[in-house]
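What the coordinates show
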Amino acid sequence: MEMIFVLLTLVVIIFIGMFFYFSFSIKGIEEKGAQFIDIDATTISDSIIGLPELTCGPACVDTMKVLVFKPETDPSYYKSLFKDGKMRITLEKVYPPLTSSAVNLVVCDNINYYTGDCNSFIVYNVNKLPAQAKEIVQNTVSLYYPITNSYGFGLIKIEVYK
Amino acid sequence: MKKAQVEIIGLLMVVILLVFIILLALWFIVKPVQQDLVPQRQAIEAKSILITLMKTTYVDNDPNSIDVSFKEKINECHEHDGIAGDPLASCVQTIQDEVSGILNKILKNKEYTLEIKDESSDPADVFMVIEDDLIAGCNADNGQKTVGEVILNSGPLIKAKLTLCSRAILA
């Protein structure tokens, strides 16, 4: 009788221990997963800034090159860079601010770029999934404007959809 | 108390102790790795912000002014610092406003201090400070401070130091 009671207690304690251990493990795996997404996104961000199609030097992106950069038109060429493609990559100009009274981000196109009334560039966006939880990684980058030969302070934002 | 009961309680205590020791060991294995990554990342982030900031073209409201970078503007301002009657005497405040505007936008949930020092004169003499008020509360218990540094002028040695705190501010 005592033996059975001892074994039962042991089993219960082992289960409690296993519960705590796996809780720890799952938490650790989730954190590692988030870290990998973070590292992956940082690598992609550095690779984009270094692309000959876009770069204008270390940590610098030529905005005029971004305007004509359309990686979606040649997905096989950029497959190694964007992998499964569940992400959105944008460039945001933080400084100088817009001359117009617009508060939100205005995406640059072939018209408003030349008037200076825009502050955001979409580099890559092939996420066709509905809105999902996402990780956002951002890095600072210099935005070069060849028309005025000036540099803006920008952010490269990578939104990875889980 | 029966002998069997004593055995059970003893065994129970030994197992509980073992479980705690294992959990504690796991905690020590996992925790230091995560903490080591934070300052490394933050130091890179701080340096990257400073490099980008110093390269950025300073936008002057004066239409006759020539476009210069923040780095050149700070150096120019430093040369004219303290000269009475100089039109550039107020440039420190103007640059501080512009830089704090940028830092507040990009470091929304982070505490920071940006110090620009002339290290060739008195090291305690800070030429320009842009500070988030809460960073004074950042310490080893609730966050870690990391510093990114860039040299702005090697003539009169001017350095920019950006200190970031790892704890996040609740919005």
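The structure under discussion appears in the preceding block.
If you're wondering where the values come from, they're calculated on a predicted model, not measured in any experiment.

**With respect to the packing of helix α2 (residues 70-79) of chain B against helix α3 (residues 91-106) of chain B**
Residue and element names in this part refer to chain B.
- With their axes 10 Å apart at the nearest point, α2 and α3 run at an angle of 150 degrees to one another. It follows from the interaxial angle that α2 and α3 lie roughly antiparallel. Of the two possible hands of crossing, α2 and α3 adopt the one that is left-handed. Counting all contacts with α2, which are made through Phe70, Lys73, Ile74 and Cys77, the residues of α3 involved are Cys91, Val92, Ile95, Glu98, Val99 and Ile102.
- In the contact of α2 with α3, the residues fall into eight nonpolar, no polar and two charged.

**Examining the interface of chain A and chain B**
- On the chain B side, the residues contacting the 28 residues of chain A number 26 residues.
- Here chain A packs against chain B, burying approximately 2600 Å² in sum over the two surfaces, 70% of which is carbon and sulfur.
- A per-residue breakdown of the area chain A buries against chain B is headed by Phe24, Tyr95 and Phe153 of chain A, which together make up 26% of the total.
- Between the two partners, chain A and chain B, sit one salt bridge.
- Of the charged contacts in the structure, one is a salt bridge between arginine 41 of chain B and aspartate 38 of chain A, with a shortest N-O distance of 2.2 Å.
- Counting every contact that joins chain A to chain B gives seven residue pairs in polar contact (both at pLDDT 80 or more).
- Per element, the largest residue contribution to the side of chain A that touches chain B is 14 residues, and it comes from helix α1 (residues 2-50) of chain A.

**Structural notes on the nonpolar core**
- Residues Met54, Leu103, Leu114 and Leu162 of chain B are the most contacted members of the largest nonpolar core, which totals 33 residues.
- A per-element tally of this core places α3 of chain B first, with seven residues.
- Beyond its immediate sequence surroundings of up to four residues, methionine 54 of chain B is in contact with Ser69, Phe70, Lys71, Ile74, Val150, Leu152 and Ala160 of chain B.
- Counting 29 residues, the second-largest nonpolar core is a separate cluster that includes Phe69, Tyr78, Leu91 and Leu143 of chain A.

**Some words on unusual backbone geometry**
All names here are of chain A.
- Between tyrosine 95 and the following residue, proline 96, the backbone shows a cis peptide bond with an omega angle of 0 degrees.
- Within the secondary structure, proline 96 is located in the loop between β2 (87-95) and α4 (112-115).
- Positive phi values are uncommon outside glycine, yet alanine 59 reaches one of about 50 degrees.
- Structurally, the position occupied by alanine 59 is in the loop between α1 and β1 (60-62).
- The class of alanine 59 is partly exposed, set by a relative accessible area of 35%.
- Here asparagine 149, not a glycine, exhibits a phi torsion of approximately 50 degrees, which is positive.
- Following the sequence through the fold, asparagine 149 ends up in the loop between β4 (134-145) and β5 (150-161).

**Some thoughts on the pattern of salt bridges**
- If you walk through the whole model with that rule in mind, you get nine salt bridges over all chains.
- Note that glutamate 159 of chain A and arginine 88 of chain A form a salt bridge whose closest N and O atoms lie 3.6 Å from each other. Separated by 71 residues along the polypeptide, glutamate 159 of chain A in strand β5 and arginine 88 of chain A in strand β2 bring together distant segments of the chain.
- Between lysine 110 of chain B and glutamate 45 of chain B there is a salt bridge, with its nearest N and O atoms 3.0 Å apart. Of the two residues, lysine 110 of chain B is situated in strand β3 (residues 110-118) and glutamate 45 of chain B in helix α1 (residues 3-55); the sequence distance between them amounts to 65 residues.
- Residue class for glutamate 45 of chain B comes out partly exposed when judged on its relative accessible area of 29%.
- The network of salt bridges with shared partners includes Asp60, Lys73 and Glu76 of chain B.

Definitions and cut-offs
Residues numbered from 1 in each chain as written. Chains lettered and ligands numbered in written order. Predicted model: local features only at pLDDT ≥ 70, side-chain atom pairs only at ≥ 80, totals over all residues. Heavy atoms only, no water. Axes fitted to C-alpha atoms, helices over the stretch in contact; angles between N-to-C directions. Helix = DSSP H or I, 4+ residues; strand = E, 2+ residues; numbered from the N terminus. Parallel < 35°, antiparallel > 145°, perpendicular 65-115°, else oblique. Left-handed = near helix turned anticlockwise from the far one by under 90°. Contact = heavy atoms within 4.5 Å. Nonpolar A, V, L, I, M, F, W, Y, C, P; charged D, E, K, R; others polar. Buried area = accessible area lost by both parts, 1.4 Å probe. Salt bridge = Lys/Arg side-chain N within 4 Å of Asp/Glu carboxyl O. Polar contact = N/O pair within 3.5 Å; in protein donor to acceptor, adjacent residues only side chain to side chain. Core = buried A, V, L, I, M, F, W, Y, C linked by side-chain atoms within 4.5 Å. Buried < 20%, exposed > 50% of the residue type's maximum accessible area, 1.4 Å probe, protein only.

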